[in-house]
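Chain and residue survey
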Amino acid sequence: MATQPVKVPDIGDFDSVEIIEVLISAGDTVEAEQPLLTLESDKATLEVPAPHAGTIAEVKVQEGDKVSEGDVIADMTLADDAGDDEATADESNGRGAEAGEASSASSKSLDDAGESESQPIKVPDIGDFDSVEVIEVLVGKGDEVEAEQALITLESDKATLEVPAPAAGRIVEMSVTEGATVSEGDVIGRMELADGGASGPKQKTGDSKQDKSDQSQEKQTVAEKPASQNKAPSQSQTAPASGDSSKLEKVDEAAFTTAHASPSVRRFARQLGADLGRIQGSGRKGRILEEDIQNYVKRSLETVQGDRASGDRASGGGGGLPAQPDTDFSQFGDTETVELSRIRKRSAQAVHKNWLLIPHVTQFESADITEMEQFRQANKEQAKADGVKLTPLAFLLKASAAALKAFPDLNSSLTADCEHLVHKHYVNIAVAVDTPNGLLMPVIKDVDQKGIYAIARDLDDVSSRAREGKIKSDDMQGACFSISSLGGVGGQAFTPIVNSPEVGILGVSKHSWQPVWQGGEFVPRLLLPLSFSYDHRVIDGAEAARITNFISRSLGDLRTLLL
Ligand code: CAO
């Protein structure tokens, strides 16, 4: 049976896009629309689907190759019932070429317009996305930018995209802020082009939306899809940068897809065989940066070298943990699978990583808060009248701030090489807030400089906004320490997980009246259980006991907080 070439279809504004995964081999039988290749540009990850069902006769490309619309990527023999699709596929390739011409014509008209003093910067064709949130504005007024340099980062439910500079030049203004939503064609700022605009912007700004909808009825298109939908599990087995084949790291594609990283960072991770799902982001909102991948790979290398030195080639140091297998629970009864919210997915990844990376120890203590509670009750109504909700947590924040000042290592973070401590001279404390969508950790800033009322006000403000889904990324940044209070819910003690790069977290359980031996008799005292988890690489056990004693004493006698 005769073979037919499979060509790259219309891929919008993209040209010469790198193949990051070849998902088929000669002899494979494929379904129509099954992904054949994954392409990755600076802006997006795209999949090239099979134009019809059939058998792959020959694959003509390999990973790392660059392709454009119309390039032949494989030859395939059509399945018997796919003959009718043939004409459609060829037509679609033809129409795609026309679309390419329209695109360059559009670019030219903008090139001509490059004479003016400043140019609007518009959101280019971002595929099927509409009203996408701006999560980062990467440049500001006066910044000199290169062509293709990322200006803003957008994040939809499906992907993170960067909007690149259409040309080299200087930013005159950025008119969007984080949290805004934008669509194709929206103006995000203005820029002056370098060399008078000779290298004018190449983005389509005119009727691209219209062009696209005109062409979209029948043509074969590429879809922006999470890599998890790729049907080639063999591709996800990659070696760590060490090249040590005994340390093959199985990439968890689902976690890779949901990891918070830009396309270029994803590509970098693919190049190094790093599993994004295991890497903690140090960027805003936990976004994974290139340096996070470098640090991760460096640590993996050190683990491999350490294992070699100890002759222990079997232990993985975290990197070689087996993936949790999927179980078919329907064999035992009715089931329903629901997708986790984004917050839950993120916090699940974060706690898992922190649990694995940090050697945790939890120190338990109780604080006698009899007088503190008397003071709180005596002032609660007046506070309420002043618009302040006075709960024990405000006092705990104040006592923890004092501990962070008294014990500098508690207010520190390990450097990536684990050889230095960064001591912080500010005191920001995150508070775990239970919201309908999952756990959030808004941060109360400069707690050491605030009084109890101001802290209580801030706490009420951030926890209300967290529950209402109105918390901003800035409100979640820069914590030195965390408090997780389950006192309003119940329980006697628990072992909270440290939020890296912090080194400690204070868990608080429900207070209760207990008989305490004092002066030859038992007296009823109100005791508050404290569970302090810490990173044992930074804090020793004796220091941990001193820290919990300090917090307990501070709560037992609030006057010490004035010292
Ligand atoms: N013991 C007994 N009662 C306590 C208490 C304690 N340790 N801490 C708070 N309470 C009381 C409060 O005083 C309040 O009662 P009153 O109105 O009579 O004063 C009541 O419990 C409810 O308090 P609250 O929960 O509204 O306020 P809060 O300041 O204590 O806590 C917040 C705020 C945001 C931390 C809390 O609402 C919350 O979300 N907690 C859950 C945190 C969580 O999920 N942690 C686990 C994370 S790790 O998986």
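My aim in this report is to walk through the structure given alongside it, one point at a time. All values derive from a computational prediction rather than experimental measurement.

1. A word on the overall build of the protein chain
Each helix and strand counted, the protein chain has ten helices and 29 strands in total. Put simply, the protein chain has 563 residues, and 45% of those count as buried. Once local pairs closer than 6 in sequence are excluded, the contacts in the protein chain between residues at least 24 apart make up 64%. Summed over all atoms, the accessible surface of the protein chain reaches about 27600 Å², with 49% contributed by carbon and sulfur.

2. Observations concerning the environment of S341
With respect to the secondary-structure elements, S341 resides in the loop between α5 (290-310) and α6 (342-357). A relative accessible area of 24% places S341 in the partly exposed class. Here the alpha-carbon distance between S341 and P436, two residues 95 residues apart in the chain, equals 9.8 Å.

3. Things to note about the sheet that holds strand β1 (residues 3-7)
The strand order across the open sheet formed by four strands is β1-β8-β6-β3, and the pairing between neighbours is antiparallel. In the strand order of this sheet, the two ends are held by β1 and β3 (29-30), each with one partner. Where strand β6 (residues 54-59) lies against strand β8 (residues 72-78), five bridges are found, and the strand directions are antiparallel. Paired with E58 across the two strands is D75, which belongs to β8.

4. Things to note about the site of the ligand
Around the ligand, 24 residues are found, and the nearest of them are K389, T391, R467, S484 and H511. With respect to the ligand, the side chain of R376 contributes an N or O atom lying 3.0 Å from an oxygen atom. The contact in question runs from a nitrogen atom of the ligand to an N or O atom on the backbone of S485, over 3.1 Å. Looking at the shell around the ligand, the element that brings in the most residues is helix α9 (residues 452-467), giving three residues. Along the lines of polarity and charge, the residues of the shell around the ligand split into ten nonpolar, eight polar and six charged.

5. Some thoughts on the packing of helix α8 (residues 392-406) against helix α10 (residues 541-556)
It is the contact of α8 with α10, at a shortest axis distance of 9 Å, that shows an interaxial angle of 135°. Relative to α10, α8 is oriented oblique. In this structure, the crossing between α8 and α10 has a hand that is right-handed. Contacts from F395, L396, A399, A402, A403 and A406 in α8 reach F550, I551, S554 and L555 in α10. Split by residue class, the contact of α8 with α10 holds nine nonpolar, one polar and no charged.

6. Concerning the sheet that holds strand β11 (residues 144-145)
Read across the open sheet, the four strands follow the order β9-β16-β14-β11; overall the sheet is antiparallel. Only two strands of the sheet have a single neighbouring strand rather than two, namely β9 (119-122) and β11. Of the pairings in the sheet, the one linking strand β14 (residues 169-174) to strand β16 (residues 187-193) comprises five bridges and is antiparallel in character. Following the sheet pairing, E173 is matched in β16 by R190.

7. With respect to the environment of D75
Position of D75 among the secondary structure elements: in strand β8. Residues within four places of D75 in sequence aside, it is in contact with T3, Q4, P5, T55, I56, A57, E58 and K60. Only 3.3 Å separates the side chain of D75 from the side chain of K60, close enough to count as a polar contact.

8. Overview of the pairing of β1
Burial along β1 is one-sided: the residues Q4 and V6 are buried and none of T3, P5 and K7 is. Pairing analysis gives five bridges linking β1 to β8, with the strands arranged antiparallel. Looking at β8, one finds that K7 is bridged to V72.

9. Notes on the packing of aromatic side chains
Considering all chains together, one arrives at five aromatic pairs under this definition. On the numbers, 6.2 Å between centres and 85° between planes, the contact of F375 with F395 is edge-to-face. Placement of F375 in helix α7 (residues 370-385) and of F395 in helix α8 is noted, with a sequence separation of 20 residues between them. Residue class for F375 comes out partly exposed when judged on its relative accessible area of 43%. On the basis of relative accessibility, which here comes to 1%, the residue F395 falls in the buried class. When the centroid spacing of 4.8 Å and the interplanar angle of 70° are considered together, the rings of W517 and F522 count as edge-to-face. There is no split in this pair, since W517 and F522 are both exposed. Among the aromatic residues, those joined into a ring-pair cluster are F481, F532 and Y534.

10. A look at the pattern of salt bridges
If charged atoms from side chains of opposite charge come close, those side chains can pair. Across all of its chains, the model carries 16 salt bridges by this definition. For D448, the salt bridge goes to K405, with nearest N and O atoms at 3.1 Å. Taken as a pair, D448 in the loop between β25 (443-444) and α9 and K405 in helix α8 lie far apart in primary sequence, 43 residues in all. Classification of D448 by relative accessible area gives buried; the value is 19%.

11. Observations concerning α7
An α-helical turn contains 3.6 residues, so a residue and the one three or four places further along point in the same direction. The terminal C-alpha atoms of α7 lie 24 Å apart, and with 16 residues this matches the ideal 22 Å at 1.5 Å per residue to within 8%. By the largest-angle criterion, N379 marks the main kink of α7, which is about 45°. Residues of α7 that are buried make contact with β19 (360-368), α8, α9, β28 (512-518), β29 (521-535) and α10.

12. Some words on the nonpolar core
In this structure, L397 and L555 are the most contacted members of the largest nonpolar core, which totals 49 residues. Sorting the residues of this core by element identifies α7, α8, β22 (429-431), α9, β26 (481-485), β27 (504-508), β29 and α10 as the ones contributing at least two each. Tallying contributions element by element places α8 first for this core, with nine residues. L555 has contacts with A367, D368, I369, M372, F395, L396, A399 and L528, leaving out every residue within four places of it along the chain.

13. A look at a nonpolar patch on the surface
Among the surface-exposed residues, W355, L356 and L357 lie close enough to one another that they form a single nonpolar patch of about 310 Å² accessible area. Turning to its location among the elements, L357 is positioned in helix α6. Taking relative accessible area as the criterion, L357 reaches 40% and is therefore assigned partly exposed.

14. Regarding the pairing of β14
One ladder, built from two bridges, connects β11 with β14; its direction is antiparallel. Across the sheet, the residue bridging to E144 is R170, located in β14.

15. With respect to unusual backbone geometry
Cis geometry marks the peptide bond from S500 to P501, where omega comes out at 5°. Along the chain, the position of P501 falls in the loop between β26 and β27. Positioned with a positive phi, S16 is a non-glycine residue whose angle comes to about 50°. Relative to the helices and strands, S16 is located in the loop between β1 and β2 (17-22).

Analysis parameters
Residues numbered from 1 in each chain as written. Predicted model: local features only at pLDDT ≥ 70, side-chain atom pairs only at ≥ 80, totals over all residues. Heavy atoms only, no water. Helix = DSSP H or I, 4+ residues; strand = E, 2+ residues; numbered from the N terminus. Buried < 20%, exposed > 50% of the residue type's maximum accessible area, 1.4 Å probe, protein only. Contact = heavy atoms within 4.5 Å. Areas by Shrake-Rupley, 256 points an atom, 1.4 Å probe, with all protein chains shown as cover. Pairing = 2+ DSSP bridges. Near = heavy atom within 4 Å. Polar contact = N/O pair within 3.5 Å; in protein donor to acceptor, adjacent residues only side chain to side chain. Nonpolar A, V, L, I, M, F, W, Y, C, P; charged D, E, K, R; others polar. Axes fitted to C-alpha atoms, helices over the stretch in contact; angles between N-to-C directions. Parallel < 35°, antiparallel > 145°, perpendicular 65-115°, else oblique. Left-handed = near helix turned anticlockwise from the far one by under 90°. Phe/Tyr/Trp six-rings, centres within 6.5 Å; stacked < 30°, edge-to-face > 60°. Salt bridge = Lys/Arg side-chain N within 4 Å of Asp/Glu carboxyl O. Expected span 1.5 Å × (residues − 1). Bend = angle between axes of the 7 residues up to and from the residue. Core = buried A, V, L, I, M, F, W, Y, C linked by side-chain atoms within 4.5 Å. Patch = residues over 30% accessible without salt bridge, like charges linked within 9 Å, V, L, I, M, F, W, Y side chains within 5 Å.

Read these as geometric descriptors, not functional statements.
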